[in-house]
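Letter by letter, the chains look like this.
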Amino acid sequence: MKPARVVGAGLSGLAAAWCLSGAGFDVEVVEASAHPGGLIETLSTRHGPVERAANAFVWTETTERWFRAIGVRPEFPLPASRRRFIFRNGRARRWPLGPIETLGMGARLGATWARRGFAPRVDETVAAWGRRVVGRAATSALVGPGLQGVYAAPPDRLSASVIFGERRRGRTVSAAPRGGMGELIEKLYAALVARGVTFAFGRSIDALDPATPTVICTNAPAAAALVKPHAPALGAAIAAVPMNRMVTATAFFEPRLDDLHGFGVLFTRDSGVEALGALFNTDIFVDRGADRSETWIYGSIDPAAPLPSDTDLAARLEHDREILTGQRRSPVAVFWTRRVPALPIYSAAIDDVRRRIGDLPPWLALAGNYLGRLGVAKLLDVAADASARLGGATSPESRARA
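Just so it is clear, the model here is predicted, and its values are computed rather than measured.

A word on the overall build of the chain
If you tally the helices and strands in the chain, you get 13 helices and 17 strands. Its C-alpha radius of gyration of 22 Å places the chain within 12% of the 21 Å reference for a compact globule of 402 residues. With the principal axes as the frame, the chain shows a C-alpha extent of 65 × 55 × 40 Å. The burial tally for the chain puts 52% of its 402 residues in the buried class. Contacts spanning at least 24 positions in sequence make up 72% of the contacts within the chain whose residues lie at least 6 apart. Only carbon and sulfur atoms are counted for the fraction: they give 54% of the accessible area of the chain, which is about 18000 Å². Mean positive and mean negative side-chain charge positions of the chain (50 and 38 charges, respectively) differ by 6 Å.

Below you can see the structure in the form of structure tokens.
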């Protein structure tokens, strides 16, 4: 069999290895850390599961095929999760705009439609696009919180052409493995080992061998260093992609009758809350613990500043939750996750990477969220595309071995 190498054993790397091995390649996966999964990990605690990163996949035909191929049973959100809130002017609201603001937004949308001005302009940020298309109030109270909940960055740092350039559908359905996101990683890894894919953990790669077809499935900074010797302009473009530092807190509280129920809440930047948003885990999926489980997300932390201590973070969490609930309550337990670096900021630098992707030599492919497609479900598609570039199978079920 022809050898192939995958650098990185996160979700993208495991998916690329699956597609390549299904096409008959002899695959080696090299991973700098001690275990597979990358950012995705489910921690089991006596209080309930803790997701270290994403808590679900967008449920698509591709996701369904992967779940079926790996033997993972999906779990779909509870009815309570249909309620989503934005916190503004001291209150969590299903619709954050007042009547006059809503009318103003509608008028702007109508005028924009009449002059066919929805398309982003050159170098336009999401904040500038929003002010032009829906107005200042809707941008700060609706567009900004909604996008920061997905991209973990404020709208003035996001590129409108990157965010709105990809075709989008209406409201999507989420799904998660019954055992948490880590279950898919565990089963995919086990299936790869059974196929004969080899793994080298705790090993870093400093240079690539052009004689071996390779898929790079690392974060942007690591990918840039590996790409530069073979595609200098593309490597420089990847290196220019800014990265977030992320901190999340999964906290367990004694449940109360007056708890806010729903999928979660996003916060406007003038709300006095530092968190970008909070997920109400026990309202989203079953079996998330007997106590109330919430995940609070803090992103876009100043890269030059040191990461806050647990004590400082605990004070922030209690302060933010008091603003939301009007009560100061200490959690039964809290689990902190720090990611440095975490996600790419979807700035105009992403467009530059996409323009230069053709610089790659034919033996080299990339799979990562810095290519402009964010979300764990989309990473499966990106990994399959990277595998196909090297002659691998594009379907998770293609040429599956017993």
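Back to the write-up after that little detour.
What about the sheet that holds strand β9 (residues 174-177)?
Across the sheet, which stays open at both edges, the three strands sit in the order β5-β9-β6 with antiparallel pairing between neighbours. Every other strand in the sheet has two partners, leaving β5 (57-58) and β6 (74-75) as the edge strands with one partner each. Looking at chain direction, β6 and β9 are connected through two bridges and run antiparallel. Looking at β9, one finds that E75 is bridged to A176.

Examining the sheet that holds strand β1 (residues 3-7)
The five strands are arranged β10-β2-β1-β11-β17 in an open sheet whose pairing can be described as parallel. Pairing within the sheet leaves two strands with one partner each, and these edge strands are β10 (198-201) and β17 (364-366). Averaged over all pairs of adjacent strands, the angle between their axes in this sheet comes to 20 degrees, without regard to strand direction. Summarising the sheet, β1 and strand β2 (residues 26-31) pair through five bridges and their orientation is parallel. Paired with P3 across the strands is D26, a residue of β2.

Regarding the side chain of E183
With respect to the helices, strands and loops of the structure, E183 is situated in helix α7 (residues 181-195). A distance of 3.4 Å separates a polar atom in the side chain of E183 from the backbone nitrogen of R178. Filtering out sequence-adjacent residues up to four positions away, E183 remains in contact with V72, P177 and R178.

Considering the nonpolar core
In terms of nonpolar packing, the biggest core is built from 97 residues, with L11, F57, L158, V215, I238, L366 and Y370 touching the most fellow members. Other than its neighbours up to four places away in sequence, L366 contacts I216, V227, L234, I238, I357, L360, L371, V382 and A386. The next biggest cluster of nonpolar side chains, apart from the first, holds 18 residues, and it includes F85, A275, Y298 and W336.

Some thoughts on the packing of aromatic side chains
Per the counting criterion, the structure on display carries 12 aromatic pairs. For the pair W129 and F164, a centre-to-centre distance of 4.4 Å together with 40 degrees between the ring planes defines the contact as tilted. A residue pair is termed long-range when its members are at least 10 positions apart, and W129 in helix α4 (residues 126-133) and F164 in helix α6 (residues 160-165) qualify at 35 residues. Looking at F164, the relative accessible area reads 28%, which means it is partly exposed. Taking 5.7 Å as the distance between ring centres and 20 degrees as the angle between the ring planes, the aromatic pair formed by F267 and W296 counts as stacked. Highlighted residues: F267 in strand β13 (residues 264-267) and W296 in strand β15 (residues 292-298), separated in sequence by 29 residues. Pair check on accessibility: F267 and W296 agree, each one buried. Grouped by ring-pair contacts, the aromatic residues F57, W59, F67 and F76 constitute a single cluster.

Describing the state of the cysteines
A complete count under the given rule lists zero disulfides for this structure. Of all cysteine sulfurs in the structure, the one in C217 sits closest to C19, which takes part in no disulfide; the separation is 10 Å. A relative accessible area of 9% means that C217 is categorised as buried.

Side note on the pairing of β1
The buried count for β1 comes to four of five residues, which makes it a mostly enclosed element. Chirality of the crossover, the property in question, places the unit of β1, helix α1 (residues 11-22) and β2 among those that are right-handed. With three bridges connecting them, β1 and strand β11 (residues 214-216) associate as parallel partners. Bridge pairing in β11 places V7 opposite I216.

Here is what the cut-offs are and how they apply
Residue numbers restart at each chain and count upward from 1, following the sequence in its written direction. With the structure being a predicted model, the display of local features is reserved for residues of pLDDT at least 70 and the display and counting of side-chain atom pairs for 80 or more, all residues being used for whole-chain, interface and lining totals. Side-chain calculation: all heavy atoms of the structure are included, whereas hydrogens and water are not. Counting from the N terminus, the helices are the DSSP runs of H or I reaching at least four residues and the strands are the DSSP runs of E reaching at least two. The quantity called the radius of gyration is restricted to C-alpha atoms. Its globule counterpart is 2.2 Å times the number of residues to the power 0.38. Each residue's exposure class comes from its accessible area (1.4 Å probe, protein chains only) as a fraction of the maximum for that residue type: buried when under 20%, exposed when over 50%, partly exposed otherwise. The contact criterion used throughout is that any non-hydrogen atoms of two residues lie within 4.5 Å. Computed by Shrake-Rupley with a 1.4 Å probe, the accessible areas treat only the displayed protein chains as cover when residues are assessed. Think of it this way: Lys and Arg go in the positive column, Asp and Glu in the negative one, and His and the chain ends go nowhere. Lysine's charge is taken at NZ, arginine's at CZ, aspartate's at CG and glutamate's at CD. For two strands to be treated as a pair, DSSP must find no fewer than two bridges joining them. For helices, the fitted line uses only the C-alpha atoms of the stretch in contact; every axis is such a line through C-alpha atoms, and the angle between N-to-C directions lies from 0 to 180 degrees. Definition of a polar contact: a pair of N or O atoms within 3.5 Å, with one able to donate and the other able to accept a hydrogen when the atoms are protein atoms, and with sequence-neighbouring residues admitted only if both atoms are side-chain atoms. What we call a nonpolar core is a set of buried Ala, Val, Leu, Ile, Met, Phe, Trp, Tyr and Cys residues that are connected through their side-chain atoms within 4.5 Å. When the centres of two rings from Phe, Tyr and Trp lie within 6.5 Å, Trp using its six-membered ring, the rings pair. Their planes under 30 degrees apart give stacked, over 60 give edge-to-face, and anything left gives tilted. The definition used for a disulfide is geometric: two cysteine sulfur atoms within 2.5 Å. Crossovers are marked right-handed if the path from the first strand over the helix to the second runs clockwise, as seen with the strands pointing away from the viewer.

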